[in-house]
Amino acid sequence: MAIGLEKEKDENGELLYNSRMIYDWLNRIRKMGSEQRFKKDNRSIIPSHTHDNRR
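In what follows, the accompanying structure is described. Quick caveat: nothing in here was measured; it's all calculated off a predicted structure.

## Observations regarding the pattern of salt bridges
Close approach of charged atoms allows side chains of opposite charge to pair.
Then comes step 1: Counted under the stated rule, the structure contains one salt bridge.
Then comes step 2: Among the ionic pairs, aspartate 24 bridges to arginine 20, the shortest N-O distance being 3.5 Å. Of this pair, aspartate 24 and arginine 20 both sit in helix H2 (residues 19–36), four residues apart, roughly one helical turn.
Then comes step 3: What makes aspartate 24 partly exposed here is its relative accessible area of 32%.
Then comes step 4: The class for arginine 20 is exposed, based on a relative accessible area of 63%.

As structure tokens, then:
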């Protein structure tokens, strides 16, 4: 994505974004992803008695 954005130009041929802008944006996306990921939980959503295969 970064390389594609670095090559983007406006109608006058001027670059739209500089490297710093792009990497700051990508870093914000990374941080949001870290904040929004699911927390690990050791609890099962299926009660343990349903895992009994002794039938």
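## Here we look at the environment of leucine 15
Then comes step 1: Looking at the element boundaries, leucine 15 is found in the loop between helix H1 (2–7) and H2.
Then comes step 2: Sequence separation between leucine 15 and leucine 5 is ten residues; the distance between their C-alpha atoms is 9.0 Å.
Then comes step 3: Discounting residues that sit within four places of it in the chain, leucine 15 has contacts with Glu6, Lys7, Glu8 and Lys9.

## Looking at a nonpolar patch on the surface
Then comes step 1: On the surface, a nonpolar cluster with roughly 410 Å² of combined accessible area is contributed by Met1, Trp25, Ile29 and Met32.
Then comes step 2: By the element assignment, tryptophan 25 lies in helix H2.

## Side note on H2
Then comes step 1: End to end, H2 covers 26 Å across 18 residues, agreeing with the expected 26 Å (1.5 Å per residue, within 8%).
Then comes step 2: You can read the cap of H2 off the contacts: a side-chain oxygen lies 3.1 Å from the backbone nitrogen of arginine 20, and it is on asparagine 18.

Conventions we followed
Residues numbered from 1 in each chain as written. Predicted model: local features only at pLDDT ≥ 70, side-chain atom pairs only at ≥ 80, totals over all residues. Heavy atoms only, no water. Salt bridge = Lys/Arg side-chain N within 4 Å of Asp/Glu carboxyl O. Helix = DSSP H or I, 4+ residues; strand = E, 2+ residues; numbered from the N terminus. Buried < 20%, exposed > 50% of the residue type's maximum accessible area, 1.4 Å probe, protein only. Contact = heavy atoms within 4.5 Å. Patch = residues over 30% accessible without salt bridge, like charges linked within 9 Å, V, L, I, M, F, W, Y side chains within 5 Å. Areas by Shrake-Rupley, 256 points an atom, 1.4 Å probe, with all protein chains shown as cover. Expected span 1.5 Å × (residues − 1). Polar contact = N/O pair within 3.5 Å; in protein donor to acceptor, adjacent residues only side chain to side chain.

Any link to function would need more than the numbers given here.
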